Amino acid sequence: MNLKLIFLVLVMVVGCTSPDRTKETLTKAGYTDIEIGGYDLFSCGEDDDFATNFIANNPTGQRVSGTVCCGILKRCTIRY
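Small disclaimer: the values here were computed from a predicted structure and weren't measured.

Rules used in this analysis
- Residues numbered from 1 in each chain as written.
- Predicted model: local features only at pLDDT ≥ 70, side-chain atom pairs only at ≥ 80, totals over all residues.
- Heavy atoms only, no water.
- Helix = DSSP H or I, 4+ residues; strand = E, 2+ residues; numbered from the N terminus.
- Buried < 20%, exposed > 50% of the residue type's maximum accessible area, 1.4 Å probe, protein only.
- Contact = heavy atoms within 4.5 Å.
- Phe/Tyr/Trp six-rings, centres within 6.5 Å; stacked < 30°, edge-to-face > 60°.
- Salt bridge = Lys/Arg side-chain N within 4 Å of Asp/Glu carboxyl O.

Novice: Got a sec to walk through the side chain of T25? Specific residues and values, please.
Specialist: The topology assignment puts T25 in helix α2 (residues 19-28). Judged by its relative accessible area of 18%, T25 is buried. Ignoring anything within four residues of it in the chain, the contact list for T25 reads V68, C76 and I78.

Novice: Explain the packing of aromatic side chains residue by residue, including any values.
Specialist: Counting across every chain of the model gives one aromatic pair. Taken together, a centroid distance of 6.1 Å and an interplanar angle of 85° make the contact between Y31 and F54 edge-to-face. Separated by 23 residues along the polypeptide, Y31 in the loop between α2 and β1 (32-39) and F54 in strand β2 (residues 50-57) bring together distant segments of the chain. For the pair formed by Y31 and F54, the shared burial category is buried.

Novice: Help me get a handle on the pattern of salt bridges, residues and values and all.
Specialist: Counted under the stated rule, the structure contains five salt bridges. In this structure, K28 and E24 form a salt bridge, with 3.1 Å as the shortest nitrogen-oxygen distance. Here K28 and its partner E24 are both found in helix α2, four residues apart, which amounts to about one turn of the helix. By relative accessible area, which is 69% here, K28 ends up exposed. Here D48 and K74 are joined by a salt bridge, their closest N and O atoms 2.8 Å apart. With a gap of 26 residues between them, D48 in the loop between β1 and β2 and K74 in strand β4 (residues 74-79) connect regions that are remote in the sequence. Accessibility expressed as a relative area gives 12% for D48, which makes it buried. Given a relative accessible area of 33%, K74 falls into the partly exposed group. Here the residues in one salt-bridge network are D33, E35 and R63, joined through shared partners.

Purely geometric numbers; function is a separate question.
This is the structure in structure tokens:
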């Protein structure tokens with residue numbers, strides 16, 4: 001029983017990330033050397049469906065970490 005609950009939680013967490021949209025958003029904004037992380041629970045708004053954390057070099061070359069928040073019917077935003 002406990003294994004089923006753990007599996008369900010893991011599936012829900014993985015399902016709330018969008019690695020492809022995260023990488024696309026960051027690349028279009030000029031970020032490089034992008035490392036995609038996992039789900040970031042408290043970083044996005046209630047209208048966001050996906051919250052994916054990342055580490056990357058920003059357009060000025062500085063190493064930063066943050067979260068890309070996306071909605072099914074809305075654009076993605078980068079948050080620090």
